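Examining the three-dimensional arrangement
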Amino acid sequence: MKADTIFYNAQVFNVFLKKFEKKNIAVKDGRFLWVHSGQMTELEAESCVDMHDKFIIPGLIDVHMHIESSMTTPLRFSEAAIRWGTTTVVADAHEIANVAGLEGLNDFADADTVLDIFYAVPSSVPSTNETMETTGGKIGKNETIALLNNKNVICLGEVMDFNGLVNDENSVIKGIVKTFREQRPNFPVEGHIPKVKGLNLARFLFEGINSDHTQQSPESIAEKISSGVFLQFQKKSVSKENMDVVAQNNFCEYGCFVTDDVMADDLRNGHLNDILKLAVHSGLPVETAIYMCTYTPARHMGLRDRGCIAPGKIADMVVLDSIDDFSIVSVYKNGKIVNKIDCEPQAVIKSVFPDMLYKSIKCRELTTEDLKIKVTDDENVKEAVCNIIEIEKFGTFTRKTKRNVPVVNGVLNWEEQNLSLLIVMERYGKTGQITFALTDILKSKGAVGTTWAHDHHNLMIMGTDPSDIITLQHKLLKEQGGYGVCAENEIKAFCNLPIGGIISDEPIEILGENLCRVRQEMIDLGYENSNVVMSFSTLSLPVSPTIKVTDKGIFDSLTQEKIPLVEELI
């Protein structure tokens, strides 16, 4: 019998035994033909490769991620991620769907890529409902049915609207989940279940939710896995305490590792391999970590043709010099080496996106008068009790506090109180609505702004100085989207995102460098968080705990009740 290639003398990871074995591997027609400890004299091979005792593991599989979080196109993402051993992803492209609906999503997915990209039906477009946020596109029952005709759609994307799912029989999300389960009863229904436990967790699961990828604790891991939830551990959940719980209880069978969101600057240096290494560093055995980056995600998504090195499976594999530091020598896709030539970023790419996505920011320009927040006509009022947004230093959670803010001639004197004004502007030309909120996030004079604001991607800007806010807002309009920082009335850093205001087709190296400058300038303004870019962008995500801001107002994310900027006038 003939084979295309035989790889000799390798330490091959057997996912079924969770250990490395000295083996030889035969590949034919892009699939593994035989994995054997003998010399394979029964086979004729066109080529033979001596692996010199290097380690071989299956290609890494990321089953919960958003390509748009890397602010890039599928092609550019593929060029970058496959270098780090990721050979298959399941993308929930709800960001581009929020901006441009079904048409934009189809354009986004219409790209040939080196790695395999499967897609989820975005369930949360919008993430809540029209009374809480304005989006450019919507996904409902009809769009769900249309997307299910695509053979690369293999799950329902993360369901985030808890209130709509469990408390409103007529909600859009209720209809989407019901339709999906009727059409594809054996496909996974992905969930977004932060800080939900007890009866509320049971109510979520009762509706058919299968998984959760939000921030975990030892207690939540035990409760959710014992309730049948498949856990997807992203970076912020990979701690020693959590990995100890996984290892001690053999919870590896009921979970995997995912990236969820990898910023463009971080993608230059790693992808799912970084989370694998972090898990090992946090105390998880390396064999278990590899297992949870290959076999369990494939099994969860029903991808039975990959996730292991075994006869008949797709020949995706990663060659390592060492499992101690997970140093990658080479990556193989369908039995072929993906080398630097194959992965070299293309200098020119013919865009697959329609012209309207390059002209999608339709806000008016802000003026100084807009930033004077009038709260009363009563000249006797001297103070206002305001609700203030504070952030956690780690992760994306926020909390609400109160502070007395002086009122001068009926206008909030927020500039003199070491506060930042947070503004969200409807950008699709539908309502022109603007919401104002106050935070204590920035410690220096300046402004941060973006059109990459989860998940509705309206224009959001936060600053301590009115002139900086206006300068940056005008820059965002001129460039038709981006992420930037302004101080002393000068643009200090800017990352252009001209496609729908959320992505760029520049190579990751260039895009990442620009974002890196933005990140550093945010830190220089006193923004304190483990990921300042994601922290800022999720200030507008109304399903993320606890208090968030959209173009429609300030909201409690769990109750979905509106929160006033001014609680009381004194």
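What this report covers is the structure whose coordinates are included nearby. Please read all numbers here as calculations on a predicted model, not as lab measurements. (Residues numbered from 1 in each chain as written. Predicted model: local features only at pLDDT ≥ 70, side-chain atom pairs only at ≥ 80, totals over all residues. Heavy atoms only, no water.)

Regarding the overall build of the protein chain
A count of helices and strands for the protein chain gives 15 helices and 29 strands. Taken along the three principal axes of its C-alpha coordinates, the protein chain extends 95 × 50 × 45 Å. Counting only residues that meet the buried cut, the protein chain has 60% of its 570 residues in that class. Counted over contacts in the protein chain with a minimum sequence separation of 6, partners at least 24 positions apart contribute 68%. Counting only carbon and sulfur atoms, one obtains 47% of the accessible surface of the protein chain, whose full area is about 22200 Å². If the 57 positive side-chain charges of the protein chain are averaged to one point and the 79 negative ones to another, these points end up 3 Å apart. (Helix = DSSP H or I, 4+ residues; strand = E, 2+ residues; numbered from the N terminus. Buried < 20%, exposed > 50% of the residue type's maximum accessible area, 1.4 Å probe, protein only. Contact = heavy atoms within 4.5 Å. Areas by Shrake-Rupley, 256 points an atom, 1.4 Å probe, with all protein chains shown as cover. Lys, Arg positive; Asp, Glu negative; His and termini not counted. Charge placed at Lys NZ, Arg CZ, Asp CG, Glu CD.)

Considerations on the pattern of salt bridges
In the structure shown here, the tally under the stated rule is 29 salt bridges. Between Asp 116 and Lys 333 there is a salt bridge, with its nearest N and O atoms 2.9 Å apart. Note that Asp 116 is positioned in strand S8 (residues 116–121) and Lys 333 in strand S15 (residues 327–333), a separation of 217 residues in sequence. A residue is classified by how much of its surface remains accessible, and Lys 333, at 5% relative accessible area, is buried. Of the charged contacts, one joins Asp 465 and Lys 445 as a salt bridge, the two residues approaching to 4.0 Å between their closest N and O atoms. Here Asp 465, found in the loop between strand S23 (459–463) and helix H13 (466–478), pairs with Lys 445, found in the loop between strand S21 (434–439) and strand S22 (447–450); they are 20 residues apart in sequence, far enough to count as distant. Residues joined by salt bridges that share partners form a network here, namely Asp 116, Asp 305, Arg 306, Asp 316 and Lys 333. (Salt bridge = Lys/Arg side-chain N within 4 Å of Asp/Glu carboxyl O.)

Things to note about the sheet that holds strand S27 (residues 553–556)
Read from one edge to the other, the open sheet built from 3 strands follows the order S26-S27-S28, with strand pairing classed as antiparallel. Here the strands that pair on one side only, and so sit at the sheet edges, are strand S26 (547–550) and strand S28 (562–563). Note: S26 against S27, 4 bridges, orientation antiparallel. The residue bridging Thr 550 from the neighbouring strand is Gly 553, located in S27. (Pairing = 2+ DSSP bridges.)

So, the sheet that holds strand S7 (residues 86–91)
Taking strand neighbours across the sheet as the criterion, the 5 strands line up as S6-S7-S8-S9-S10 in an open arrangement whose pairing is parallel. Bordering the open sheet on either side are strand S6 (60–65) and strand S10 (189–191), each of which pairs with just one other strand. Each adjacent strand pair in this sheet contributes to an overall mean axis angle of 30°, direction not counted. Across the sheet, helix H11 (residues 286–300) touches S6 and S10, and the angle it forms with S6 is around 50°. (Axes fitted to C-alpha atoms, helices over the stretch in contact; angles between N-to-C directions.)

Observations concerning the environment of Gln 520
Topologically, Gln 520 is positioned in helix H14 (residues 508–524). Taking C-alpha positions, Gln 520 is 8.9 Å from Ala 493, a pair spaced 27 residues apart along the chain.

A short note on the nonpolar core
When a protein is soluble and globular, its nonpolar side chains tend to lie buried together. The biggest cluster of nonpolar side chains holds 148 residues, and the ones touching the most others in it are Phe 257, Leu 438, Tyr 483, Met 522, Tyr 527, Phe 536 and Leu 539. It is H11 that provides the largest number of residues to this core, a total of 6 residues. Leu 539 has contacts with Ile 389, Ile 391, Thr 398, Leu 422, Ile 441, Met 460, Met 462, Tyr 527, Lys 548 and Val 549, leaving out every residue within four places of it along the chain. (Core = buried A, V, L, I, M, F, W, Y, C linked by side-chain atoms within 4.5 Å.)

So, the packing of aromatic side chains
Each aromatic ring pair is described using two quantities: the centre-to-centre distance and the angle formed by the ring planes. Tallying each qualifying case throughout the model produces 11 aromatic pairs. Between Phe 108 and Phe 353, the aromatic rings sit 6.5 Å apart at their centres with planes inclined by 40°, giving tilted as the arrangement. Residue Phe 108 is found in helix H2 (residues 94–109), and its partner Phe 353 is found in the loop between helix H12 (340–343) and strand S17 (383–391); the two are separated by 245 residues along the sequence. For the pair formed by Phe 108 and Phe 353, the shared burial category is buried. The ring of Phe 494 has Lys 475 lying over it, and the distance from NZ or CZ to the ring centre is 5.1 Å. (Phe/Tyr/Trp six-rings, centres within 6.5 Å; stacked < 30°, edge-to-face > 60°. Lys NZ or Arg CZ within 6 Å of the ring centre and 35° of its normal.)

With respect to the side chain of Gln 11
Here Gln 11 is to be found in strand S1 (residues 2–14). Among the residues examined, Gln 11 registers a relative accessible area of 17% and is labelled buried.

Section: the side chain of Thr 73
As for its position among the elements, Thr 73 is in the loop between S6 and helix H1 (74–81). Not counting the four nearest positions on each side in its chain, Thr 73 is found in contact with Ile 67, Phe 108, Phe 353, Ile 503, Ser 504 and Asp 505.

What about the pairing of strand S5 (residues 55–58)?
Taken together, the 2 bridges between S1 and S5 define a ladder with parallel strand orientation. Looking across to S5, one finds that Val 12 is bridged to Ile 56. Relative to strand S14 (residues 317–322), S5 runs antiparallel, the two sharing 4 bridges. Each residue of the ladder has a partner; that of Pro 58, found in S14, is Met 317.

Points about the environment of Ile 209
Tracing the sequence through the fold places Ile 209 in the loop between helix H6 (198–206) and strand S11 (211–212). Given the relative accessible area of 5%, Ile 209 is considered buried. Distance in space between the C-alpha atoms of Ile 209 and Pro 188 is 7.8 Å, their sequence separation being 21 residues. Once you skip the residues sitting within four places of it in the chain, Ile 209 turns out to touch Val 159, Leu 165, Val 189, Glu 190, Gly 191, Ile 193 and Phe 204.

Some details on unusual backbone geometry
Omega for the bond connecting His 454 with Asp 455 falls within 30 degrees of zero, at -20°, which places this linkage in the cis form. In this structure, Asp 455 sits in the loop between S22 and S23. Cis geometry marks the peptide bond from Pro 545 to Thr 546; its omega dihedral reads 0°. With respect to the secondary-structure elements, Thr 546 resides in the loop between helix H15 (532–537) and S26. Phi at Asp 29 takes a positive value of approximately 50°, unusual for a residue other than glycine. Along the polypeptide, Asp 29 turns up in the loop between strand S2 (19–28) and strand S3 (31–36). Positive phi values are uncommon outside glycine, yet Asn 334 reaches one of about 55°. Look at Asn 334 and you get partly exposed, because its relative accessible area is 35%.

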